[in-house]
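One-letter residues, chain by chain:
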Amino acid sequence: MITEQQTDKPVSKAHRAVVEQYFKAFNTNDFTTAAGLFSAEGELHPPFDEAIVGPTAIAAYLQQEASKMKAYPKSIAGADREQVEVIGQVDAVVFKVGVRWTFSLTEAAKIRTLSIRLLASMKELLTMRSDR
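**Brief notes about the pairing of strand β2 (residues 38-45)**
Reasoning step 1: Relative to strand β7 (residues 111-118), β2 runs parallel, the two sharing 4 bridges. Residue pairing in the sheet places H45 in a bridge with S115 of β7.
Reasoning step 2: Summarising the sheet, β2 and strand β3 (residues 52-53) pair through 2 bridges and their orientation is antiparallel. Bridge assignment links E43 to a residue of β3, and that residue is V53.
Reasoning step 3: Hairpin remark: β2 followed by β3, antiparallel, with 6 residues in the connecting loop; positive phi at F48, about 70 degrees.

**Let's talk about the nonpolar core**
Reasoning step 1: Membership of the largest hydrophobic core comes to 34 residues, with the highest contact counts inside it found for Y22, L62, W101 and F103.
Reasoning step 2: Counting residues per element, the ones that place at least two in this core are α1 (13-27), α2 (31-36), β2, α3 (55-65), β4 (70-80), β5 (83-91), β6 (96-105) and β7.
Reasoning step 3: For this core, the leading source of residues is α1, giving 6 residues.
Reasoning step 4: Among all residues touching L62, those that are not within four sequence positions of it are Y22, F26, F31, A34, L44 and S67.

**Thoughts on the sheet that holds β3**
Reasoning step 1: Strand order in the open sheet formed by 7 strands is β1-β4-β5-β6-β7-β2-β3, with mixed pairing between adjacent strands. Edge positions in the sheet fall to β1 (3-4) and β3, since each of these pairs with one other strand and no more.
Reasoning step 2: In this sheet, β5 lies alongside β4 in antiparallel orientation, the contact comprising 9 bridges. By the bridge assignment for β5, G78 is matched with V84.
Reasoning step 3: Together, β2 and β3 form the strand contacts of α3, whose direction differs from that of β2 by roughly 35 degrees.

**Details of the packing of aromatic side chains**
Reasoning step 1: Applying the stated criterion across every chain yields a total of 7 aromatic pairs.
Reasoning step 2: On the basis of an interplanar angle of 75 degrees and a centroid distance of 6.4 Å, the ring pair of Y22 and F38 is categorised as edge-to-face. Note that Y22 is positioned in helix α1 and F38 in strand β2, a separation of 16 residues in sequence.
Reasoning step 3: Seen from their ring centres, Y22 and F103 are 5.7 Å apart, and the 75 degrees between their planes marks the pair as edge-to-face. Linking Y22 in helix α1 with F103 in strand β6, this pair joins segments that are 81 residues apart in sequence. Pair check on accessibility: Y22 and F103 agree, each one buried.
Reasoning step 4: Ring-pair connections join several aromatic residues into one group, and the members of that group are Y22, F23, F26, F31, F38, W101 and F103.

Here is what the cut-offs are and how they apply
Residues numbered from 1 in each chain as written. Predicted model: local features only at pLDDT ≥ 70, side-chain atom pairs only at ≥ 80, totals over all residues. Heavy atoms only, no water. Pairing = 2+ DSSP bridges. Helix = DSSP H or I, 4+ residues; strand = E, 2+ residues; numbered from the N terminus. Core = buried A, V, L, I, M, F, W, Y, C linked by side-chain atoms within 4.5 Å. Buried < 20%, exposed > 50% of the residue type's maximum accessible area, 1.4 Å probe, protein only. Contact = heavy atoms within 4.5 Å. Axes fitted to C-alpha atoms, helices over the stretch in contact; angles between N-to-C directions. Phe/Tyr/Trp six-rings, centres within 6.5 Å; stacked < 30°, edge-to-face > 60°.

As structure tokens, then:
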């Protein structure tokens, strides 16, 4: 469960539901469902890559790049009326890293953009290894 951070901009139930659906689909490798949460012009902004645009392209990208990853969202907070920030961790095959996901959502509760930022220094990124 994602803990809501106390801010003056609470996350709407509809937006929280979309965010939770995204992580559930992501963690079960159901990338078609995850990508289906994006609007027709929705954009995924992964670290180190150009924007991926549209649900079909997003599903293909996630299938190729994320099939061996698990996301562990820990906290959620409203950034403004249409924006939600989630802080957590991603476990990949060879590393674990803190992440901030920034969701921009439409009034119809579709993902307009999802920006993913790694919460690590460049030095940490260059020396990552599994601690398993």
